[in-house]
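Given next are the chains, with one letter for each unit.
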2 protein chains.
Amino acid sequence: MQNNLPELAKLLRYYSLISTTEAGSGHPSSCLSAADLMAVLMFGTSRAESRGTSFKTDLGNHENPNNDRLIFSKGHAAPLFYALYAIATNRGSPSVAEGDPLYKRAMEPEEMLTLRKFGSRLEGHPTMEFPYTEVPTGSLGQGLSVGVGMALNAKLDKLDYLTFVLLGDSEMAEGSVWEAMAAASYYKLDNLVGIIDVNRLGQRGETMYGHHVEAYAKKCEAFGWESILVDGHNVNEIQAAFLKAGQTKDRPVMIIAKTFKGKGVSFMEDKDGWHGKPLSAEELGRALKELGDIDKSLVGEISIPEKSERQNVGMSETRQMKFTDYDLTKMVATRKAYGNALANLVEVNSDVIVLDAETSNSTYADAVKKNHPERFVECFIAEQNMVGMALGFSRRGKIPFVSTFAAFFSRAYDQIRMSALAQSNIKYIGSHAGVSIGEDGGSQMGLEEIAMFRALPETVVLYPSDAVSAEKLVFETAKHQGNVYIQTTRKEGAILYNQDEAFPIGGSKTLKSSENDVATVIGAGVTLHEALAAYEELKKEGINIRVIDLYSVKPPDLDALKKAALETKNIITVEDSHHEGGIYEAVAGALASVSSLSSYKVASLSVKKIPHSGKPEELLAFMGIDRTAIIKNVKEIINQ
Amino acid sequence: MQNNLPELAKLLRYYSLISTTEAGSGHPSSCLSAADLMAVLMFGTSRAESRGTSFKTDLGNHENPNNDRLIFSKGHAAPLFYALYAIATNRGSPSVAEGDPLYKRAMEPEEMLTLRKFGSRLEGHPTMEFPYTEVPTGSLGQGLSVGVGMALNAKLDKLDYLTFVLLGDSEMAEGSVWEAMAAASYYKLDNLVGIIDVNRLGQRGETMYGHHVEAYAKKCEAFGWESILVDGHNVNEIQAAFLKAGQTKDRPVMIIAKTFKGKGVSFMEDKDGWHGKPLSAEELGRALKELGDIDKSLVGEISIPEKSERQNVGMSETRQMKFTDYDLTKMVATRKAYGNALANLVEVNSDVIVLDAETSNSTYADAVKKNHPERFVECFIAEQNMVGMALGFSRRGKIPFVSTFAAFFSRAYDQIRMSALAQSNIKYIGSHAGVSIGEDGGSQMGLEEIAMFRALPETVVLYPSDAVSAEKLVFETAKHQGNVYIQTTRKEGAILYNQDEAFPIGGSKTLKSSENDVATVIGAGVTLHEALAAYEELKKEGINIRVIDLYSVKPPDLDALKKAALETKNIITVEDSHHEGGIYEAVAGALASVSSLSSYKVASLSVKKIPHSGKPEELLAFMGIDRTAIIKNVKEIINQ
C-alpha cells in the first residue's frame, strides 16, 4: 500500500473543490464522501503486491482488454472521477521509456479547471468525450448493470480484468440496481466489486435508510452478494475490504461504506442543503485552509495489467454470412426469420452475443442456442438490466443483439437513451409489434417503439415485412456501427423478395408502380401486406396505386418519398402503431422539409384507439389499418 | 371458512381451462397454480368472522370506497381473475332484497366462453373493460406499485380497505417490484398483502430461483416485509397465512406460496412447455375427467364492507383556484411557476396528491409541503414505482401530480404506457427540458419526452413558455379528465402574458403577426423566447415574421397552423428537443393531412447532435436553435 493515501485523497478533494467552484456548478459534496474510497481503490496497492483487488490499467491504452474497469454509477461525482486521472500515473508504461523520471500522466491536472465548460472533455457527468469513461452516467441506477455486462464479458472471454462500480446510496432505490444485483449473483460474478458510498443525504434530504448501513448489507446478502461494511474514511479499513473482496469466490462483493457527504470541509460535512452546490470563492478559501497543505506534485501509481490480448478472438466476417433458403410459397413470420438470421450470423461473427429477457422462444432469439449456447445470455424478466448489460458488452467490443417483445423495450427506455449517448453498438430487436398480435391484448402490443427509437440520436430504425428482408436487415445491422432497432412481427406473412435483393439502410422498395397511380400507399410489417392486397383489389377495378415498403423507417428514403409525392400527390401511410412519431410523421416530416413540392396530402391510417383483444384481422379492421380501410381511403381520394 | 373451498378452487380451474380452450389461446397453466390461493383469499372467510384478511367487496358497486382491492399483477392469469367473479356472489347486497334466494352474481359464468374474443369484456389480460379490474396488467412487475398507491391511499383517507396483489415468481426479477417493496415498508403499509405464486416455471423454462421459496423470503424480509411461506395448494395453510397477515402491524406481508404450474391436470402439472398454451379439445376432455365432478351451481360468498363513504372528502373546486400575481418585469422559470400553481391548486382541490422522486426542490413540487405536507408523497429515486403508485391513487379517485426531471420519465415509460391503457387521470410534470439546462450535460436533458408522451393514446402534451401560462395550464390540466404531460424549463424566462389570458388545451398564441410575414416561427419553452428575440432583430431590418406559442403540442391548434402555412408559406419550428416525434413532426404531421394547402415548407431547428455540457446559450447556439439560427434561417428563405 502506498503510504501517502490520505495525501492522495486530499488531493482528490482539492481538485473536486476547485474545479466545481471554477465551473460555478457541480456536486463537490458528493465527491468528498467517496474520495478516500476511490483513492484506496486506484492507488491502494503497489505493483509488486499480489493481485488482491488492486486496480490495474494501462493509461496509455484504455482499450487494452485486460484493463480493470471503473464505472461511476453516481455520475454526479464526475469531478472526483476526473481527479483520479488527473493524479494517476503508470510507472513503466510501454509508452514511457524505462527509467524516465517522469511518470506517464493520464491528463494534466490543470485540465480540471475546464470542468463543465463548453468544449471540455470534462462534462458535468462522465461522457464518452473523456477517454477513461466506460459509459456515460448521470441517470442513476444504471452503472451496476453495465458492470454486470463487463464482468460477464470477462468470464466469457476468459479475461482476468476486474470491474468496479461506485454507487450512491440514493440510487439504491432504483429497481434497476436490484435487477443487476440478482443477475450478478446468478452468474457468480466474483470479478465484480460494487462500492456503495452511503453518505446519508440525497438531493433534497435524507435517503430512505440514512446511515443504517446494515439495511443495505441485509439486502445485498439476500440478493446473493458478499457484503463488507467499512468506515469509508478509514483507508486501512477500506484497504482490508478490497483485499477481502479479491479473495471471494463465486459471488460478487459489495463494499458498503459509511461516509459523510462533504467530508473534509467542516461547514459542508454531513449537512443538508449542500447537494449539487459548489463553494463560493470565499467558502473555497476556508475549505482549502481546512484541507491544509496540498502537494500538487504527488501522483498516484497504477500498475499496468500483464496481458494485453483478448484470449478468444475469433473470426468476425459478417460479410460471409449465409442466408436461409426460403420456400417462397410458404408463410414465415419475420420474428422467425430473425432467429434464422441470428443463427447464421453467429457462425461468422464471434463478437455477436445474444441477450433476451425470458422471451427467447417467442422472439426466436433461442435459435442461437442450438449451436452456440455460450453466446446466449438469459436475462430473465429484467429489461433494464438486460440493456445495461448489453451496453457493458458493447463497450468491451461485443455486438449485442438484444430482444424482447417490442412493448417491453419501453421498460428500458432510460437505459436505451443512455446507450444512445454512449454511441454504442447495440442491436435491439422487438417482436410482437402492433395490434396484429391479436388476443393477448393491449399490454403486449408494441405501439410506441417506432416513436421511442426514432427519437434517439444516431439510431437506425428498421421494420422488415418479410423473411428475406428480415434476414438481410439483420446482416446490414451487424455491419452497421451504431445502435439499431429492428421491429419484427408475430404473425406469419408471405415472402415478398428474392434472395438476391439488397436492403441497404436508408433504402425502400417500390413494389407496385405505374404511370397512373392515384395514390401511394406506404407500409411496413403487417400493413405492407394489407397494402398489397388492396392493390390487387383496386387493380380489378382499374385503379392503380403505388406501394412502397418503407423498411428503413429511420433514415427514410427521401428520394422515393419525394417521387411519390410529386407523381401521385396523395400518400397514405398505413401502420400498426400510433402515428405520433411513427411512420406517418416520419413521412410527413421528411416531405415537409422539401421546398420544391407543390400541393400534396398525406393521410394516416394508424392505431388511434385504445387497443383490445381479438383476432388479428378483426383488430386491423377495428383500427382502420387493413386492406378494406386502404381501399376506402383510395376511393375517397378518387371521388373528391 | 367456507368448507367447500376445494370445490370452489376446482370450479375456478374448470373455467380457466374451458375458457382458454374455447379461445384457442391463453395461459391456463398459470391460472391453475394460483387457483387455491385465490379461492381462499376471496371466499375463505364468512361474513360473520372477524376481519382477519377476509376479502370484502360490494359486487354491485365496485367504486364503493371501502371495497377491498385485488390486483392481478400476473395479468396472464386473467381467466382465473374472471373466474373468481364468475362464481362470486354477495349475500345481502343492497341491490338484492333481503331474503332473496338468489345471490347477487357479479357476472354470468357463461360469459367465460367469450374470453379473448373481439368485443368481450374478458380480454387476454385484464383491462378496464372488465368492471372489476383495478388496473390493466400484463406488463409484468407493475401491479405491486399500484397496490402500494392504493394501500397508501387508504392510510391517507383513513379507509380500512385492504389491498391484495397476486404476483408471479418470474416477475420478481423486475426491479420495479423491489422499488415497490422498499416503498411499502417505508410507508409501513400493513394494509397491503402480496401473494407470490411460486410455480417455478417461466415462459421459456425455470425461473432464477425455481422452487427455492426461501430465496424470496430472504429478499422480502431484507426489504422490510413480513414473509409467510405456505404450500399454495393446501387451503388450511393458505387460510392460516391470510389470518396471520391480518394481524401484522406496521409492515406489509408477503405470502410466498410454493405451487405447481398446471396443478390439477397431471400431464401439465410442473411440466415445462405449457406456458401460454391452451388445451386441445381432446386434452381438455382428459383434464376435466381428472378434475372430476363439477358443481356449476356452487357460488363463492363475499361479504360487503360496512362503510361505504370516504372519510375525508373535501372541497374539489378547481375553478376557484387562485393564480400568482407575477411582477411582469421579473424573470421566472416555468418550473417555479408550476410549484406556485400546485400550492394554489391544493388549496381548492382536496383530491390532488403530489408525488416526486427525490427532485422536489428542483421541480418545485415541494411548494406544496409548506401548507399541506400531508399531500406530498416522497417516492425517492424510483420513478417506475412512483408512476405505479400514481396509477393506484388515480384509480381511487385522486388526481396525482407526478414530477421529476423530464429525462427521468423515460425510466417509467412502460408504467406510463400502462397508465394510458388504464385511461387514468395522472398529471406528469417533467422539468429540466432540453439542452438549455446547461452544464449538467446530456444525461439530465429531457430531449425525448415530447415524443414519448405524444405517442401515447388520449394523452395531452403541454409546454408552457412563461410563468402565467404555466399556472394556467396547471389549472386546465386539473380540470381535464385524463393523462396530461406538462414540460417545464429550468432556466428563468420573461413573462409573456397577462393574468387574464386563457390557455385552453388545443389552443395556441400568435404573439407576432402582420400582413407581411415572410415566415412563421413556432416555438415552445425556451425556444419561444429565442423566436421573439429573433423577431425584434429582424424587425429592425424591416423583416416581419409571425411567432406562434404552441403551448398545446398535443392536440395542436390546427387552425392556427393552417393559417400560418397559407399566409406565410414558410414555417420554422424551433425546439429544444429531438425533432422526431417532437414539435416539428407534430406541425408537419398536422399540416400534411390538410388537402387544401398549396406549396409550403417546414424547416426544423432542433437538437440533432449528441448533447454536451456548457452554458445554456452556448448549447442553444451549438444545436442551432437560438435567435441567431432563426435569423439565419429566415434570411435564407428571403434570399431563395
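Look up a bit, the structure's there.
Because the structure is predicted, anything quoted here is derived from the model rather than measured.

*Asks:* Give a description of the packing of helix 3 (residues 35-43) of chain B against helix 8 (residues 235-247) of chain B that names residues and reports values.
*Replies:* Residue and element names in this part refer to chain B. Interaxial distance between helix 3 and helix 8 falls to 9 Å at its minimum, and their mutual angle equals 50°. Classed by the angle they form, the pair helix 3 and helix 8 counts as oblique. Every pair of crossing elements has a handedness; the one defined by helix 3 and helix 8 is right-handed. Of the residues in helix 8, those touching helix 3 at Asp36, Leu37, Val40 and Leu41 are Val235, Ile238, Gln239 and Phe242. Looking at the contact of helix 3 with helix 8 residue by residue, the class counts come to 6 nonpolar, 1 polar and 1 charged.

*Asks:* Go over the interface of chain B and chain A, please, and point to the residues and values.
*Replies:* Counting residues at the interface gives 103 residues for chain B and 103 residues for chain A. Summed over both partners, the interface of chain B with chain A comes to about 8,400 Å²; 54% of that surface belongs to carbon and sulfur atoms. Sorting the residues of chain B by area buried against chain A places B:Phe118, B:Arg204 and B:Arg411 first, and these three jointly supply 10% of that buried surface. Taken together, the links from chain B to chain A amount to 14 salt bridges. The shortest N-O distance in the salt bridge between B:Glu358 and A:Arg204 comes to 2.6 Å. Split into classes, the residues belonging to the side of chain B that touches chain A amount to 38 nonpolar, 38 polar and 27 charged.

*Asks:* So what's going on with the packing of aromatic side chains? Residues and values would help.
*Replies:* The tally for this structure, following the rule as stated, stands at 56 aromatic pairs over all chains. Centre to centre, the rings of A:Phe223 and B:Trp178 are 5.3 Å apart; their planes meet at 80°, and the pair counts as edge-to-face. Note that A:Phe223 is positioned in the loop between helix 7 (213-222) and strand 6 (226-231) and B:Trp178 in helix 6 (residues 175-186), a pairing that runs across two chains. Residues A:Phe223 and B:Trp178 agree in their burial class; the two are buried. Ring centres of B:Tyr428 and B:Phe453 lie 5.3 Å apart, and the angle between their planes is 45°; on these two criteria the pair is classed as tilted. Of this pair, B:Tyr428 sits in strand 13 (residues 427-431) while B:Phe453 sits in helix 14 (residues 449-454), and the two are 25 residues apart along the sequence. Assessed through its relative accessible area of 1%, B:Tyr428 is described here as buried.

*Asks:* Before we move on, could you go through the pattern of salt bridges and cite the residues and values that matter?
*Replies:* Per the stated rule, a full pass over the model turns up 70 salt bridges over all chains. B:Lys10 is paired through a salt bridge with B:Glu7; the nearest N and O atoms lie 3.7 Å apart. Placement of the pair is B:Lys10 and B:Glu7 together in helix 1 (residues 5-23), with a separation of 3 residues, close to one helical turn. Residue B:Glu7 is classed as partly exposed on the basis of its relative accessible area of 34%. Among the charged side chains, a network of salt bridges with common partners joins A:Glu174, A:Asp414, A:Arg417 and B:Arg411.

Criteria and thresholds
Residues numbered from 1 in each chain as written. Chains lettered and ligands numbered in written order. Predicted model: local features only at pLDDT ≥ 70, side-chain atom pairs only at ≥ 80, totals over all residues. Heavy atoms only, no water. Axes fitted to C-alpha atoms, helices over the stretch in contact; angles between N-to-C directions. Helix = DSSP H or I, 4+ residues; strand = E, 2+ residues; numbered from the N terminus. Parallel < 35°, antiparallel > 145°, perpendicular 65-115°, else oblique. Left-handed = near helix turned anticlockwise from the far one by under 90°. Contact = heavy atoms within 4.5 Å. Nonpolar A, V, L, I, M, F, W, Y, C, P; charged D, E, K, R; others polar. Buried area = accessible area lost by both parts, 1.4 Å probe. Salt bridge = Lys/Arg side-chain N within 4 Å of Asp/Glu carboxyl O. Phe/Tyr/Trp six-rings, centres within 6.5 Å; stacked < 30°, edge-to-face > 60°. Buried < 20%, exposed > 50% of the residue type's maximum accessible area, 1.4 Å probe, protein only.

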